[in-house]
Amino acid sequence: MNNDRLIKISSITKKLLVALFASFLLIFLLFHMTANLFILAKDGGDAYSAFCHFMGTNIFVKVFEVILFGCLVLHLCLASYLWYQNRRNRPVGYKKPSRTKTGKGSKLMMITGSLLLVCLIFHFYDFYFVKLNFVEGTYMVKTEDFMVGDPNQEVSEEAQMVFMNLLNEGKASKDMQWIRQISTEERDVLQQAFPEAEFEPDFYHMARQKFSVWHIVLCYLLFFAIVGIHIRHGFQSAFQTFGLNHYKYSRLIEILGVVYTWVVILGFAVVPLGVFFGL
Amino acid sequence: MLDSKIPAGPLSEKWTNYKTSQKLVNPANKRKLDIIVVGTGLAGASAAASLGALGFNVDIFCIQDSPRRAHSIAAQGGINAAKNYQNDGDSVERLFRDTIKGGDYRAREANVYRLAEVSGDIIDQCVAQGVPFARDYGGLLDNRSFGGAQVSRTFYARGQTGQQLLLGAYGALSREIERGTVRLHNRCEMEELVLMKDKDGKERARGIIVRNLVSGKLERYAAHAVVLATGGYGNVYFLSTNAMNSNGSAAWICHRKGAYFANPCYVQIHPTCIPVHGDYQSKLTLMSESLRNDGRIWVPKKKEDAEALRAGKLKANDIAEEDRDYYLERRYPAFGNLVPRDVASRAAKERCDAGYGVGSTGLAVFLDFNDAIKRLGKDVVEQKYGNLFQMYQKITDENPYETPMMIYPAVHYTMGGLWVDYELQTTIPGLFAAGEANFSDHGANRLGASALMQGLADGYFVLPYTLQNYLSDQITVGHIPTDTPEFDEAEQAVRQREQRLMDIHGTKTVDHFHKALGHIMWEYVGMSRNEESLTKAQTLIDELESEFWKDVKVPGDIETFNPEMEKALRLADYFELARLITADALHRKESCGGHFRTESQTEDGETKRDDEHFMYVAAWQYQGHNQPETLHKEELNYEHIKIATRNYKN
Amino acid sequence: MNFTLHIWRQENAQAKGRFETYKVSDISPECSFLEMLDILNEQLINDNIAHPVCFDNDCREGICGMCGLYINGRPHGNDDGITTCQLHMRKFNDGDEIWIEPWRAKAFPIIRDLVVDRSAFDKIIQAGGYVSVTTGGVPDANAILVPKRFADMAMDAAECIGCGACVAACKNASAMLFVGAKVAHLAMLPQGQVEAHERVKKMVCRMDELGFGSCTNTYACEAECPKQIKRQNIARLNREWIKQLFAGNHKK
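Throughout, residues of each chain are indexed from 1 in the direction in which the sequence is written. Whichever chain is written first becomes A and whichever ligand is written first becomes 1, with later ones labelled in order. Only residues with pLDDT of 70 or above have their local features reported here, since the model is predicted, and side-chain atom pairs are shown and tallied only from 80 upward, although totals for entire chains, interfaces and linings are computed over all residues. Values reported for side chains reflect all heavy atoms of the structure, with hydrogen atoms and water molecules removed beforehand.

> Explain the state of the cysteines residue by residue, including any values.
Residue and element names in this part refer to chain C. For the purposes of this analysis, a disulfide is any pair of cysteine sulfur atoms at a distance within 2.5 Å. In this structure the tally under the stated criterion is zero disulfides over all chains. Between Cys59, a cysteine without a disulfide, and Cys64, which holds the nearest cysteine sulfur, the sulfur-to-sulfur distance is 3.6 Å. The thiol of Cys221 is not disulfide-bonded; the next cysteine sulfur, from Cys215, is found 6.2 Å away.

Following this line, the structure appears as structure tokens:
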């Protein structure tokens, strides 16, 4: 056999990469879930905002964000490619549908995966695209940003009005560090007045606002359920693909997978439910 | 007349002497020499792999879709080797003696000694190939004991030793295929042997015609030597432990072309098979002989108990201990349940004929693990025999951990085969036979775990030497063409045979005739034979054969994938073979090993040999269809061993 | 017992196949599935109905790996840990409809009816599923120590009979269990270490070339393996593959 052909990526390597990218996503999910839990903290969103600020400005986080996106896209592309390839390996199918006793998880991966992609786009529309300024949302800004403006420049009356309104409506945090729940129009006015001010999306209030609507809550719960099905198979599958399954601890991996899945689903689900029911 | 070419010198030095004085082929010449190997069982695969590795050009053929499916794969129990790893007094000499004695003093001393000598090398070879033999906790190889031996010399890989050894040989073969020294032809059946006259006027085996089973087309292959490793002919009995496609045709084709056929009447009946349960049955399943290590064989002492068991009124566990007759332990105290196969089989038949048989047909005896489970615990028994128990349960739907197994003898192995000399060469120059296809090493009865040993010995350690000796003067012959009149003629003969079968357009299927033939053979040429039964068999076989040629129906076309045609071609040969088995059994008016003539038995029903008149190998020469064959005798001269009565009692 | 059989009939590799329906009656429950097909064939020949149904079979005791039919949605039929020849009619109900299909996979083209060509498996083994030793010149068998546990695990994997049920069951027609079993068998033994990296590399590449799918960890193969070879062998194959990725390449 021509040895050069060995260089081309084998099916196992492709699978390894799919699993590797997925592992990043699995770890990220834990981060994301933990962060979300701050929304439930009874501090008017201080902790969560601080966290969001860190996430939005830290350079390492930004790099990580790019990697993460890369993982997502590659995971998706490679998995789809493998799926497409695999479908071609049985040109003539069976008349009788399979009655082999197996878990459904892997058979659903492509469906759950596609659904997840759709959900993810909506989720991005709701939150992430605000950060990228693709869609409008609610914003927050550090109070100190208004102090550093050019003292010689006259602040427009309109901006002063907006600013005062915000304060009167109690949209400043208790420690007066942040002004939040700024609408797009208000932001635009303020931005014009204070070009240096850095407005960030106010995810805390956006989330609280969205999760007070029952059908959005329902959609998100559905979303998490699909995530659950996807990672229920994906978790142990990644171990298997990494060759980390062994008679000695295959049971352990199985249990870990279940625990992980439930922790993640519940961890995510508790936030919209909590907000909706006013916890 | 028959020159067995046994080298001179003391027995223990014959093989060494042969090897040191034989002729060799130099590496550059090896690749100019073509060898055909037919069959990919232990003998065929190991021979092809070894010859390919030496540098010869090898073509190997199998009828199945893969070399790994040859029926060697079904051997369960183990493989013997005189390693003496257990420190229980084993040695080459003892393995040799056990084999000769087990074969009832009808085997050729020199061959058997060589077999015992190379037995240890086989284990080394297989372990190096990665065969996962059973191990002790210290990492050393484990052994078990087997019928006909008082030492533990059997190496095993659970109950699938044959499978693992074959996969080892298959691996070695695959390696050579990858290297390009061996070319594999699967789904091809040998249909004719092509002989060509040399310049010196000597006729040699120069090629074969095969039927490509997928296309039905005939193909020609030429070579400087042909090795036949096509197994035995046990399926002449229709019901046997052989695989459905195992057949005797390749050997018979060679016999028709002039190779002598030796000792065809030596057929081994294996004592531990699952009993027959219906006339639709297609084959019998063997339960490894190793079961006799821990299982105890019994039938009820009282006839009324046996009758109640047959009627289903009683269960085996209802029979009290004192009402059980452990007949093997009773009759053969020294060996007990581990007597050789022929002895155990006949003892079972004797009990059943006497009316003590169990099972719905009355043709079964119990193999009981109750004591073993008590003594060793269920876990140990399961570890040792789990897969066999599971197999039994799958087939019979009974749990052998709770109720005793039922077993009955079935045709298993044929000690007879193509006559070969010390070099494994048949009477046709250039045609070699290895494994079960030859007659050589087992005499009148084969000991358990010796078939694997012989197949691998022939393939790994004998043929690579002796073939070279033959081929050393073939290097000048050059490439052998297949477009010669000899090949044309051979191919035409095959086509005619096929056409003749096709043209019958009868009313009965091939299987119908095969079952009928099997029935005749089992009834009259089976476990015990006599002049009357054998004479009757001859008439019945003749009648059946002529009916076959008038009334068989082969559907489909010749040049397609047509299993019915394959079966018909094989069955046509079985008729002739059956006739020869009967003739051989008739002529051998003594009992020995697997051949039991009721006229020749001791007072307590054991085989009684007639060394004075029958101390020879009967090699038969074909004389044409339905013509009596000519007998040639190879006298057996025991120089080393003292001949005695085969005695497993004390 | 009586059955209605729907059997895939296809004259040769090129022909278009179709299902044909046949009836068999008075079948004993003790009858094996293949014996039932024998009876059907006898009937087809005797009554001039059709060419007998072609199906691969040989040892009929579950070890040669020759037989393999996809019966009512399961390779080797509706029982665990058996080959088709070990399936008995008592596993069915009287009057059942039975659909019998050949293995379906790009790598296993049909030869006729229910007979498929599995030589792709041979080719995978030829790529490296062995220890490269030539006859003779090997050390004494007991010079190679193998811990019993490893020997047992090697044997567990080595029990594979190469029937192809794993490929037939897999939704991707993947041969990972077959390859995994061989790689794991040799990886467990000291004899297999020398060529371990090369072996897994060559076998997996050959597997890919021959048109087998990739593994999506569904474990249908494990569920249908007549020898119940475990998924852990696939994990070991993956592990060996990763080791090989990081192992030194002899080419420069």
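Let us keep going from here.
> Explain the sheet that holds strand S11 (residues 261-262) of chain B to me, and be specific about the residues and the numbers.
Residues and elements named next belong to chain B. Taken together, the four strands give an open sheet; going across it, the order is S17-S11-S19-S20, and neighbouring strands pair in antiparallel fashion. Two strands close off the open sheet at either side, each with one partner strand: strand S17 (417-418) and strand S20 (630-635). The rule for pairing is simple: two strands pair if DSSP sees at least two bridges between them. Strands here are runs of E lasting at least two residues and helices are runs of H or I lasting at least four, both read from the DSSP assignment and numbered beginning at the N terminus. The pairing of strand S19 (residues 616-621) with S20 spans six bridges and is classified as antiparallel. Within S20, the residue paired with Gln621 across the bridge is Thr630. Docked against the sheet, helix H18 (residues 563-587) engages S11, S19 and S20, running at close to 145° with respect to S19. Working rule for contacts: check all heavy atoms of both residues, and any pair within 4.5 Å makes them a contact. Axis geometry follows a simple rule: fit a line to the C-alpha atoms, using only the stretch in contact for helices, then measure angles between N-to-C directions, giving values from 0 to 180 degrees.

> I'd like a rundown of the environment of Gln163(B), residues and numbers included.
Along the chain, Gln163(B) falls in helix H6 (residues 161-179). What makes Gln163(B) buried here is its relative accessible area of 0%. Those residues in contact with Gln163(B) that lie beyond four places of it in its chain are Ser72(B), Ile73(B), Ala75(B), Ile63(C), Ala158(C), Glu159(C), Cys160(C) and Ile161(C). Three labels apply to residues, based on accessible area from a 1.4 Å probe with only protein chains included: buried if under 20% of the type maximum, exposed if over 50%, partly exposed otherwise in between.

> Kindly report on the domain arrangement of chain C, identifying the contributing residues and their values.
All names here are of chain C. Where each domain begins and ends is defined by an automated method or by a domain database. Split into domains, chain C comes out as domain 1 (3-112) and domain 2 (118-246). Distance from the C-alpha centre of domain 1 to the C-alpha centre of domain 2: 29 Å. On the domain 2 side, the residues contacting the 20 residues of domain 1 number 21 residues. The contact between domain 1 and domain 2 buries some 1500 Å² in all, and 58% of this surface belongs to carbon and sulfur atoms. In this structure, Glu224 and Arg74 form a salt bridge, with 2.8 Å as the shortest nitrogen-oxygen distance. As used in this structure description, the phrase polar contact means that two N or O atoms lie within 3.5 Å; if the pair is within protein, one of them must be able to donate a hydrogen and the other to accept it, and residues adjacent in sequence are counted only when both atoms belong to side chains. Linking domain 1 with domain 2 are five residue pairs in polar contact (both at pLDDT 80 or more). Its residues assigned to classes, the side of domain 1 that touches domain 2 shows eleven nonpolar, five polar and four charged. In short, buried area is how much 1.4 Å probe accessible area vanishes from two parts on joining, totalled over both. Salt bridges are counted wherever a side-chain nitrogen of Lys or Arg sits within 4 Å of a carboxyl oxygen of Asp or Glu. Under the grouping applied here, Gly and all other residues not named as nonpolar or charged are polar, the nonpolar ones being Ala, Val, Leu, Ile, Met, Phe, Trp, Tyr, Cys and Pro and the charged ones Asp, Glu, Lys and Arg.

> Can you break down the interface of chain C and chain B residue by residue, with the values?
As a measure of interface size, the accessible area lost when the parts come together is often cited. Contacts between chain C and chain B engage 76 residues on the former and 82 residues on the latter. Regarding the contact of chain C and chain B, the summed buried area is about 6400 Å², with carbon and sulfur atoms giving 52% of it. Among the residues of chain C in contact with chain B, Asp58(C), Glu61(C) and Lys148(C) are the three that bury the most area, contributing 11% of the side total. Across the pair Asp56(C) and Arg187(B) runs a salt bridge whose closest N-O atoms are separated by 2.7 Å. At the surface where chain C touches chain B, the tally comes to 48 residue pairs in polar contact (both at pLDDT 80 or more). Every element with two or more residues in the side of chain C that touches chain B is listed here: helix H1 (33-46), strand S6 (110-112), strand S7 (115-116), helix H2 (119-128), helix H3 (148-158) and helix H5 (176-187) of chain C. With seven residues, H3(C) is the single largest residue contributor to the side of chain C that touches chain B. For the side of chain C that touches chain B, the class distribution of residues is 36 nonpolar, 20 polar and 20 charged.

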